[in-house]
Amino acid sequence: MTLATVTLAVLWVGLTLYVLLGGADFGGGVWDLIAGGPERGRETRRLVEHSLGPVWEANHVWLIFVVVVLWTSFPPVFASVASTLYIPLTLAALGIIGRGAAFAYRKVTTQLWQQRLFGAVFAFSSVMTPFFLGAAAGGIASGRVPLGIARGNLVTSWWNPTSVVAGLLAVGTAAYLAAVYLTRDAQRGHAEDLAEYFRRRALITGVVVGGLAVVGLLVLYLDERSLFVELTTGRALPLLIVSVVSGVVSLVLLVRRAFLAVRVTAALAVAGLLWGWGVGQYPMLLPGVTVQEASASRTVLAASLGALLGGAILLVPSLWWLFHLSQQPTTVRQSDTAPRGGEPPGGEPPGVEPPD
Amino acid sequence: MHPLAVAATPADLLAARLQMGLSLGWHIVLACFGVGMPAMTLIAEWRGLRTGDPAYQLLARRWARAMGVLFAVGAVSGTILSFEMGLLWPGLMGRYGQVIGLPFALEAIAFFIEAIFLGIYLYAWDRLSPRQHLLAGIPIVIAGIASAFFVVAANAWMNQPTGFDERHHRIISVAPWRAMFNPATPPQTVHMILAAFMVTGFGLASVYAVAMLRGRRDRYHRLGFALPFTIAAVITPIQIVVGDWAARFVAEHQPIKLAAMEGVYVTQSGVPLHVGGIVVNGHMRYALEIPYALSLLAHGNPFATVIGLNTVPPTDRPPVNVVHLSFQVMVGIGFALLALALWWAIVWWRRRRAPASPWFYRASALAGVGAVIALESGWVTTEVGRQPWVVYGILRTADAVNPAPGLVVGFFIVASVYVVLTIATVYVLRLLARERPVPVAPQEYDADESGAS
Ligand code: HDD
Ligand code: HEM
Ligand code: HEM
């Protein structure tokens with residue numbers, strides 16, 4: 001394995017983590033969007049907010065990680081992708097702004113109209129961002145982004161059958177992962193009705209996303225035969241099988257209410273698809289351009305990999321601590337209860353209090 | 001649309017530059033608070049723990065809550081920047097992405113640390129012991145300063161491109177560490193990090209100065225003013241010395257930028273310093289001239305030669321008036337803030353108390369805005385002064401821009417989003433400043449529980 005391949009693998013790990021963690025945060029926004037009116041959707045929104053709050057910024061950094069590793073290690077690919085796909089990527093970037101800012105604002109506002117306004121922006125951009133990111137990925141997967149600055153078609157590179165399916169798949173996966181994770185969050189908070197609510201939705205979206213993935217394969221057959229062949233008969237086949245099997249197992253686990261285990265299999269189903277794409281397309285990054293040809297010089301790859309390795313030593317325990325803490329119930333310290341007055345000390349996190 | 005689009009129209013180039021300037025200029029303000037605010041909040045929290053003083057504890061909570069909002073908006077406005085590096089400047093990134101990649105990769109690590117520990121700091125306030133909580137804040141401070149260092153090192157490389165070999169527009173070897181520690185890195189990064197603390201310090205202090213002018217002079221407001229103001233006041237004189245270092249560096253390594261900053265057209269020795277003034281038809285008009293001062297300041301010798309703009313063809317010169325004016329504004333504000341800091345220091349020294357004059361608080365109320373203006377003018381000096389180069393002497397901005405049509409439309413869309421974002425941010429921060437009581441764990445409660453209902 002060359003240094004370039006190792007770097008690509010690291011990049012793909014980052015992408016997978018972004019899809020599994022950051023993607024689910026967008027999915028939370030999707031559920032927020034269709035949770036119903038302010039009264040009916042209140043508990044759902046609280047759970048979403050409670051689950052996203054501490055972790056979304058850390059999850060979001062995976063995207064930045066992917067972007068900077070891409071431009072450092074495969075600069076011509078980054079330049080080609082960004083310049084040809086600048087329309088969907090600009091829209092995704094605006095969606096990212098809208099989502100993050102509105103989420104933070106909604107948290108600190110108090111009036112209903114403010115919360116509804118910011119909530120609407122948060123939810124709408126949660127749908128828009130994964131769609132455009134997925135559409136951009138579809139353009140790359142279907143070979144519509146040639147090497148060179150703005151050499152691809154500015155519209156059809158992301159508005160084509162593969163891109164549309166990929167965009168929908170991205171939104172669907174996000175919603176599915178979120179529903180699966182939220183089911184467990186609700187269960188841990190002893191909000192049984194919410195857990196049921198998300199379990200039903202996880203089941204439905206699971207089936208829909210599975211169907212979409214099948215449609216995606218058909219579209220790929222018509223649109224980009226070589227990737228289809230790799231996925232169904234070539235090197236990528238084992239990964240496709242992992243994905244399909246995990247998808248089916250997830251549905252069974254959901255039916256049997258094994259909410260913790262389904263987190264793992266749902267993530268595997270999504271990751272299998274992502275790695276299937278990666279392995280299927282390897283060693284081509286863009287049409288006619290291999291990993292080796294596009295990569296930065298060895299010293300750069302070595303320096304950035306070294307830096308990332310050093311960083312990982314700091315990051316892994318820190319991330320573990322964050323997720324560990326965010327999964328614990330709150331206990332309000334005595335000395336801190338004073339300024340709030342009347343707040344019952346200790347107890348459940350607010351997102352999962354019984355409806356009042 | 002045009003597979004063979006080769007050159008951007010001038011309108012598209014202008015749009016791309018405006019979009020980059022707007023998004024960077026916006027992000028940098030938030031980023032300054034991202035660098036400076038964790039330290040100030042931790043100091044308040046620490047004092048609160050040590051003394052048990054409720055005023056400090058309240059300050060720490062309120063600042064932490066604001067930090068949550070500022071950080072979220074800073075993070076997303078930074079993300080769009082990393083997209084824009086490619087969306088707008090593929091010619092820069094496709095060629096030199098690998099040369100300046102290392103600091104950005106390190107920056108990603110710093111962001112992780114920042115985001116992770118901010119999540120812990122804000123959301124686990126009530127799940128950690130006070131001591132643990134205080135310690136959890138320290139990585140945020142370090143990572144914030146580190147991320148400012150890394151990103152400005154990348155920018156410094158654009159001013160002093162080193163650490164690579166190129167033949168026929170192809171990079172043949174890269175020394176990433178040398179590129180990161182290019183000669184412009186030390187003065188620029190130090191200047192920037194100090195600026196971040198000035199912006200945060202004067203910015204926070206000005207909020208409390210306004211409150212004190214409205215008659216709220218209790219201990220909470222006095223401390224809320226004194227703590228950030230003192231930090232900023234101590235940094236101001238250091239910043240001026242560092243600014244002088246930066247200017248000497250520019251004189252040495254980017255003489256055309258210095259000539260534009262000072263409006264010098266003809267190479268001469270014993271050059272005067274121009275204070276104020278405007279260039280009309282290649283001549284500096286209406287400026288106050290201080291004889292020999294520029295030669296002395298830039299090169300340490302009153303008779304030293306200063307290179308003029310006429311040494312390069314007009315197409316290689318930056319727009320002089322913009323650079324000259326913004327440089328003057330930065331330096332002017334720097335000295336005005338120094339005067340304010342001295343006022344504070346002298347009253348403390350003589351009387352052991354804060355100044356009582358309302359004029360002091362009126363001036364302090366403006367200091368926050370002033371520091372932000374100085375910051376923005378500093379960046380305009382640096383970036384516009386480097387024109388027409390995006391990488392000094394190597395790559396022209398016009399050759400780096402994305403040739404795809406429609407950048408103008410993109411600019412208008414992005415600009416309107418920023419207008420809305422600005423209004424919303426100011427509005428929400430004002431809500432936060434008036435919020436009573438301040439919730440316990442800054443982010444742990446839903447808004448509808450803590451307020452209106
Ligand atoms: C609070 C903000 C602030 C204040 C008070 C000052 N500066 Fe500054 N200055 C900045 C904030 C700033 C900055 C953070 O905006 C810049 C832009 C790029 C950089 O590294 O720092 C900058 C750039 C910058 C440059 C250009 C560096 C380059 O292009 O490489 C020079 C020559 C100076 N400054 C000089 C000064 C002097 C002589 C000051 C004395 C009063 C001064 N600055 C005060
Ligand atoms: C790592 C830090 C930075 C990088 C890599 C960077 C990069 C760039 C690039 C690629 C451009 C477009 C080309 C050009 O017109 O020069 C640009 C322009 C600009 N940047 Fe920076 N920049 C950085 C920091 C900043 C910051 C913090 C500001 C804050 C205000 C800023 C202000 C501007 C402005 C005003 C322009 C427009 C210049 C013009 O219109 O002539 N830059 N920058
Ligand atoms: C081209 C220039 C720049 C790019 C691409 C960029 C990119 C980013 C990104 C992606 C983030 C979000 C990180 C997160 O999710 O936590 C961010 C935040 C931040 N940036 Fe920038 N940035 C640029 C310029 C600057 C400059 C000049 C500074 C100097 C002070 C700076 C300091 C920071 C800090 C301290 C944060 C974290 C705090 C916060 O989010 O408010 N950035 N930046």
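Small disclaimer: the values here were computed from a predicted structure and weren't measured. (Residues numbered from 1 in each chain as written. Chains lettered and ligands numbered in written order. Predicted model: local features only at pLDDT ≥ 70, side-chain atom pairs only at ≥ 80, totals over all residues. Heavy atoms only, no water.)

**Digging into the interface of chain B and chain A**
Stage number 1. Listed by partner, the interface residues are 85 residues for chain B and 79 residues for chain A.
Stage number 2. Across the interface of chain B and chain A, roughly 7,500 Å² is buried in total on both sides, 71% from carbon and sulfur atoms.
Stage number 3. Considering only the side of chain B, the residues that lose the most area to chain A are Phe83, Phe112 and Arg127 of chain B, jointly responsible for 10% of the buried surface there.
Stage number 4. At the junction of chain B and chain A, the tally comes to zero salt bridges.
Stage number 5. At the boundary of chain B and chain A, one finds ten residue pairs in polar contact (both at pLDDT 80 or more).
Stage number 6. At the level of secondary structure, the elements contributing two or more residues to the side of chain B that touches chain A comprise helix H2 (54–88), helix H3 (90–96), helix H4 (101–123), helix H5 (130–159), helix H6 (176–180), helix H14 (407–434) and helix H15 (447–450) of chain B.
Stage number 7. The element that contributes the greatest number of residues to the side of chain B that touches chain A is H4 of chain B, accounting for 17 residues. (Contact = heavy atoms within 4.5 Å. Buried area = accessible area lost by both parts, 1.4 Å probe. Salt bridge = Lys/Arg side-chain N within 4 Å of Asp/Glu carboxyl O. Polar contact = N/O pair within 3.5 Å; in protein donor to acceptor, adjacent residues only side chain to side chain. Helix = DSSP H or I, 4+ residues; strand = E, 2+ residues; numbered from the N terminus.)

**Points about the pattern of salt bridges**
Residue and element names in this part refer to chain A.
Stage number 1. By the definition in use, this model includes 13 salt bridges over all chains.
Stage number 2. Across the salt bridge formed by glutamate 196 and arginine 199, the nearest N and O atoms sit 3.3 Å from each other. Of this pair, glutamate 196 and arginine 199 are both found in helix H8 (residues 192–223), three residues apart, which corresponds to roughly one turn of the helix.
Stage number 3. Of the residues examined, glutamate 196 reaches a relative accessible area of 23% and is grouped as partly exposed.
Stage number 4. What makes arginine 199 buried here is its relative accessible area of 11%.
Stage number 5. One network of salt bridges, with partners in common, ties together Asp32, Arg45 and Arg106. (Buried < 20%, exposed > 50% of the residue type's maximum accessible area, 1.4 Å probe, protein only.)

**Some words on the packing of aromatic side chains**
Stage number 1. The tally for this structure, following the rule as stated, stands at 37 aromatic pairs over all chains.
Stage number 2. Between phenylalanine 103 of chain A and phenylalanine 122 of chain A, the ring centres sit 5.2 Å apart and the planes meet at 40 degrees, which makes this aromatic pair tilted. A residue pair is termed long-range when its members are at least 10 positions apart, and phenylalanine 103 of chain A in helix H5 (residues 86–108) and phenylalanine 122 of chain A in helix H6 (residues 112–141) qualify at 19 residues. For the pair phenylalanine 103 of chain A and phenylalanine 122 of chain A, one class covers both residues: buried.
Stage number 3. Taken together, a centroid distance of 5.1 Å and an interplanar angle of 80 degrees make the contact between tyrosine 197 of chain A and phenylalanine 198 of chain A edge-to-face. For the residue pair tyrosine 197 of chain A and phenylalanine 198 of chain A, the accessibility class agrees, reading buried in each case.
Stage number 4. Here the aromatic residues Phe202, Phe225, Phe229, Trp343, Trp344, Trp348, Phe360 and Tyr361 of chain B are joined through ring pairs into a cluster of three or more.
Stage number 5. The lysine or arginine in question, arginine 47 of chain B, covers the ring of tryptophan 46 of chain B, its NZ or CZ lying 5.3 Å from the ring centre.
Stage number 6. Taking NZ or CZ as reference, arginine 217 of chain B lies 5.1 Å from the ring centre of tyrosine 361 of chain B, over its face. (Phe/Tyr/Trp six-rings, centres within 6.5 Å; stacked < 30°, edge-to-face > 60°. Lys NZ or Arg CZ within 6 Å of the ring centre and 35° of its normal.)

**Focus on the site of ligand 2**
All names here are of chain B.
Stage number 1. What surrounds ligand 2 is a group of 20 residues, the closest being Arg17, Trp89, Val151, Glu383 and Gln387.
Stage number 2. Between ligand 2 and glutamate 383 there is a distance of 2.7 Å, counted from a nitrogen atom to a side-chain nitrogen or oxygen.
Stage number 3. Sorting elements by how many residues they give to the shell around ligand 2 places helix H1 (residues 10–51) first, with six residues.
Stage number 4. By residue class, the composition of the shell around ligand 2 is eleven nonpolar, five polar and four charged. (Near = heavy atom within 4 Å. Nonpolar A, V, L, I, M, F, W, Y, C, P; charged D, E, K, R; others polar.)

**A word on the side chain of arginine 45 of chain A**
Stage number 1. Mapped onto the fold, arginine 45 of chain A is located in helix H2 (residues 42–52).
Stage number 2. Arginine 45 of chain A sits in the buried class, given a relative accessible area of 18%.

**So, unusual backbone geometry**
Stage number 1. Residue proline 283 of chain A follows tyrosine 282 of chain A across a cis peptide bond; omega there is 5 degrees.
Stage number 2. As for its position among the elements, proline 283 of chain A is in the loop between helix H11 (259–281) and strand E1 (284–286).
Stage number 3. Looking along the chain, the bond that leaves glutamine 387 of chain B and enters proline 388 of chain B is cis, with omega of 0 degrees.
Stage number 4. Looking at where proline 388 of chain B falls in the secondary structure, it is placed in the loop between helix H12 (358–386) and strand E9 (389–391).
Stage number 5. Of note in this structure, alanine 150 of chain A is not a glycine but carries a positive phi near 55 degrees.

**A few points about the coordination of the iron atom of ligand 2**
Stage number 1. Protein coordination of the iron atom of ligand 2 rests on one atom only, Glu383 of chain B (OE), at 2.3 Å.
Stage number 2. Inspection of the secondary structure assignment puts glutamate 383 of chain B in helix H12. (Donors = N, O, S within 2.8 Å, 3.2 Å for Na, K, Ca; no water.)

**Concerning the coordination of the iron atom of ligand 1**
Residue and element names in this part refer to chain B.
Stage number 1. Summarising the metal site, the iron atom of ligand 1 is bound by the protein donors His191 (NE2) and Met330 (SD), whose distances to it range over 2.0 to 2.3 Å.
Stage number 2. Around the iron atom of ligand 1, the six donor atoms sit at angles spanning 83 to 179 degrees, and that spread fits a shape best called octahedral. With histidine 191 in helix H7 (residues 185–213) and methionine 330 in helix H11 (residues 320–351), this pair connects stretches of sequence that are 139 residues apart. Residue histidine 191 shares its accessibility class with methionine 330, and that shared class is buried. (Tetrahedral: all angles 85-135°; square planar, octahedral: opposite > 155°, others 65-115°.)

**Describing the site of ligand 3**
Stage number 1. Lining the immediate environment of ligand 3, one finds 25 residues, of which His27, Ala75, Phe111, Glu114 and Val151 of chain B sit closest.
Stage number 2. Each of chains A and B places residues next to ligand 3.
Stage number 3. Between ligand 3 and alanine 75 of chain B, the relevant distance is 3.2 Å, taken from an oxygen atom to a main-chain nitrogen or oxygen of the residue.
Stage number 4. When contributions to the shell around ligand 3 are tallied by element, the ones reaching two or more residues are helix H3 (56–73) of chain A together with H1, H2, H4 and H5 of chain B.
Stage number 5. It is H2 of chain B that contributes the most residues to the shell around ligand 3, eight residues altogether.
Stage number 6. In terms of residue class, the shell around ligand 3 is made up of 15 nonpolar, nine polar and one charged.

**Considering the confidence of the model for chain A**
All names here are of chain A.
Stage number 1. Averaged over every residue, the pLDDT of chain A is 83; the share at 70 or more is 92%.
Stage number 2. Per-element confidence in chain A is highest for helix H4 (residues 75–84), whose mean pLDDT is 92, and lowest for helix H14 (residues 334–337), whose mean pLDDT is 36.
Stage number 3. When the criterion is pLDDT under 50, residues 330–356 qualifies, and its contacts beyond four places in sequence or with other chains add up to 57 contacts. (pLDDT = per-residue confidence, 0-100.)

**Considering the packing of H6 of chain A against helix H7 (residues 161–188) of chain A**
Residues and elements named next belong to chain A.
Stage number 1. Packing of H6 against H7 brings their axes to within 7 Å, and their N-to-C directions diverge by 140 degrees. The angle between the axes of H6 and H7 places the two elements in the oblique class. Where H6 crosses over H7, the two elements pack in a sense that is right-handed. Across the interface between the two elements, Val127, Pro130, Phe131, Gly134, Ala135, Gly138 and Gly139 from H6 touch Thr162, Ser163, Val164, Ala166, Gly167, Leu168, Ala170 and Val171 from H7.
Stage number 2. Looking at the contact of H6 with H7 residue by residue, the class counts come to nine nonpolar, six polar and no charged. (Axes fitted to C-alpha atoms, helices over the stretch in contact; angles between N-to-C directions. Parallel < 35°, antiparallel > 145°, perpendicular 65-115°, else oblique. Left-handed = near helix turned anticlockwise from the far one by under 90°.)

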